[in-house]
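A closer look at the structure
One letter stands for each residue in the lines below.
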Amino acid sequence: MPAKPTANPATPPTALLPALEATLHGKFTHLRFAPPLEAHYLTDTAPARSRRYVLLGLIAAVLFNIFNFTDQLMLPDVYQLAWMIRLTVVTPLMLVMLALGRLGKLDPYLDAMAMTLGLLCCISLVFIMNMSSHANAIHYVKGLMLTFMYVSIVVRMHFWYTLASAILIMAAAGPTIMSLAGSAIELKINSLVELTATMVISLMANYQMEFEARREYLRNLRETLRTSALAAENAALSKIATLDALTGLASRRQFDTQLQLIWQQAEQLNRPMSLIFIDVDHFKRFNDHYGHPEGDRCLMQIGEVIRSSLQRHTDLAARYGGEEFVVLLKECAPEDALIVARRIRQAMQNRAIPHADSPTAQIVTLSLGIAGGMPSEFNTAATLIEAADDALYQAKSHGRNRVVTFNKAHLKQNITG
Ligand SMILES: Nc1nc2c(ncn2[C@@H]2O[C@H](COP(=O)(O)OP(=O)(O)OP(=O)(O)O)[C@@H](O)[C@H]2O)c(=O)[nH]1
């Protein structure tokens, strides 16, 4: 089963995708990707390879020792030596390496570990053949074939390690086979050809399997990276939809959504809520006097002033449109909203942004209208908005730079400076 690729946070998807596409469309016949992709591949596949190598190593140790039962029958001259090599040298070494592999100590060297285990088995068989002068010794070449098939097709060691193993086994086994005392020359040559053919066939299978596994990995990784890039794009888009680009406050759309939610909660729990509508005084004159870009900078500062005047994390400040802002206060009675509104107006005074053309003051000032209470007092959220807007209108018409709270009677407003 191909390894499950991850979108490694150390390598951002955007950085990896071009190399990945190029590799998929090009060739990787040498079974190696470009460095960052190769590192990703090795890291992603290491845990599964480690588990597989250790499990298959244990099975190999058992299979290797089954031949203890046939050593005595096949090689009566050296069977005790064979037992000693199998039981006191090869098997303990295999178990030690597999234990280290299981503990993760050999993770960077998994293929070197698998290659060493395979070579241990093969070299021990070559040694036993070498020590025997019995005619059956030549049959131990089958042990070499089986071992090589096991590491290349079952364990699926990386191709280059498999190829290196083949060369080393041939270098050790070739001279030994040819020097076996008890076998006819045609048998020796045939055994060498059989061993070579087995290795070539196994290497071909090993190469194809690794090629397919790598291609499958790249395809899966491409899907994973595309999905995470898409998720990042969606997150950025939803940020754009929920935030006002100029001030960084919530957008009008976000305000509308939150208003409905908070209204419903307040209705269900019979809890109060409040709205503060805020409008910049004589902002047209500000723009005309200082220019539109300076007007934008002024709106950004007003956004900061409003944001820094709010103390509860449930308070939501939004840009309602143009030079109009709104604050949505959950679980807040109008008396408490009045405290917040006064704090905003005062913070704006303290910021003292010059407004040379304002008939109200020589600095930028705000008019604020509050409406709040139990939802049952307003019937709908739209009525609550109308009430806050009405209070703001009153603040404007009573001279600006002030806070007005809408009164339920709709006629009696509480007007404060
Ligand atoms: N710089 C800038 N100006 C804006 C923006 N949005 C709205 N405005 C300006 O804000 C001004 C609002 O003007 P009015 O609605 O007449 O209100 P006002 O001049 O503030 O007068 P009062 O509200 O009655 O005190 C207009 O000139 C708009 O062009 C913006 O994003 N940037």
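My aim in this report is to walk through the structure given alongside it, one point at a time.

Analysis parameters
Residues numbered from 1 in each chain as written. Predicted model: local features only at pLDDT ≥ 70, side-chain atom pairs only at ≥ 80, totals over all residues. Heavy atoms only, no water. Helix = DSSP H or I, 4+ residues; strand = E, 2+ residues; numbered from the N terminus. Buried < 20%, exposed > 50% of the residue type's maximum accessible area, 1.4 Å probe, protein only. Contact = heavy atoms within 4.5 Å. Areas by Shrake-Rupley, 256 points an atom, 1.4 Å probe, with all protein chains shown as cover. Expected span 1.5 Å × (residues − 1). Axes fitted to C-alpha atoms, helices over the stretch in contact; angles between N-to-C directions. Parallel < 35°, antiparallel > 145°, perpendicular 65-115°, else oblique. Nonpolar A, V, L, I, M, F, W, Y, C, P; charged D, E, K, R; others polar. Phe/Tyr/Trp six-rings, centres within 6.5 Å; stacked < 30°, edge-to-face > 60°. Lys NZ or Arg CZ within 6 Å of the ring centre and 35° of its normal. Pairing = 2+ DSSP bridges. Salt bridge = Lys/Arg side-chain N within 4 Å of Asp/Glu carboxyl O. Core = buried A, V, L, I, M, F, W, Y, C linked by side-chain atoms within 4.5 Å. 1 Å grid on protein atoms, 1.4 Å probe; cavity = no way out; pocket = protein on both sides within 12 Å on 5 of 7 lines; lining within 4 Å. Points joined across faces, edges and corners; volume = space filled by probe spheres on them.

On a plain count of helices and strands, the chain comes out with 13 helices and six strands. Taken across its 417 residues, the chain has 46% of its residues classed as buried. For the chain, the share of sequence-separated contacts (at least 6 apart) that also reach a separation of at least 24 residues comes to 72%. Within the structure as shown, the chain displays about 20800 Å² of accessible surface, and the carbon and sulfur contribution to it stands at 62%.

What follows covers helix 7 (residues 159-178). If you check helix 7, its first and last C-alpha atoms are 28 Å apart, about what 20 residues at 1.5 Å a residue would give, namely 28 Å. Within the sequence span of helix 7, burial applies to Phe-159, Thr-162, Ser-165, Ala-166, Ile-169, Ala-173, Gly-174, Thr-176 and Ile-177. On its buried side, helix 7 packs onto helix 5 (110-131), helix 6 (141-154) and helix 8 (185-242).

Here the focus is the packing of helix 5 against helix 6. Interhelical geometry of helix 5 versus helix 6 gives an angle of 175 degrees and a closest axis separation of 9 Å. Viewed along their axes, helix 5 and helix 6 adopt a mutual orientation that is roughly antiparallel. Only Val-141, Gly-143, Leu-144, Thr-147 and Val-151 of helix 6 make contact with helix 5, whose side of the interface consists of Ala-114, Gly-118, Cys-121, Cys-122, Leu-125, Val-126 and Met-129. Classifying every residue of the contact of helix 5 with helix 6 gives nine nonpolar, three polar and no charged.

This structure, assessed with the given rule, holds eleven aromatic pairs. With a centroid separation of 5.2 Å and 85 degrees between ring planes, the pair formed by Phe-159 and Tyr-207 is classed as edge-to-face. Remark: Tyr-207 occurs in helix 8 and Phe-159 occurs in helix 7; sequence separation between them is 48 residues. An aromatic cluster is present here, built from Phe-159, Trp-160, Tyr-207 and Phe-211 joined pairwise through their rings. Here Arg-214 stacks its cationic end above the ring of Phe-33, 4.7 Å away from the centre of that ring.

Most of strand 2 (residues 316-321) sits out of view: five of its six residues are buried. Taking the residues that link successive antiparallel strands as the turn, the strand 2-strand 3 (residues 324-330) hairpin has two residues, and the phi of Gly-322 there is positive, at about 50 degrees.

Scanning the model with the defined rule gives 19 salt bridges in all. Across the pair Asp-357 and Arg-285 runs a salt bridge whose closest N-O atoms are separated by 3.8 Å. Taken together, the residues Asp-357 in the loop between helix 12 (334-351) and strand 4 (366-373) and Arg-285 in helix 10 (residues 283-290) connect sequence positions 72 residues apart. Judged by its relative accessible area of 29%, Asp-357 falls in the partly exposed class.

Our next topic: the nonpolar core. Ranked by size, the top nonpolar core spans 62 residues in total, and within it Met-94, Ile-177, Leu-195 and Leu-218 carry the most contacts. Of the residues forming this core, the biggest block, 13 residues, is contributed by helix 5. Non-local contacts of Leu-218, meaning those with residues more than four positions away in its chain, are made with Leu-20, Thr-23, Leu-24, Phe-28, Phe-33 and Leu-37. Counting 29 residues, the second largest nonpolar core, distinct from the first, contains Leu-249, Ile-276, Ile-278 and Ile-344.

We now examine empty space enclosed by the protein. As enumerated under the stated definition, the model contains one cavity of 30 Å³ or more in all. One number sums up the size of the largest cavity: a volume of about 40 Å³. Lining the largest cavity we find Ala-114, Met-115, Gly-118, Leu-119, Cys-122, Thr-147, Phe-148, Val-151, Met-157, Ser-165 and Ile-169. Elements supplying a minimum of two residues to the lining of the largest cavity: helix 5, helix 6 and helix 7. No other element matches the five residues that helix 5 contributes to the lining of the largest cavity.

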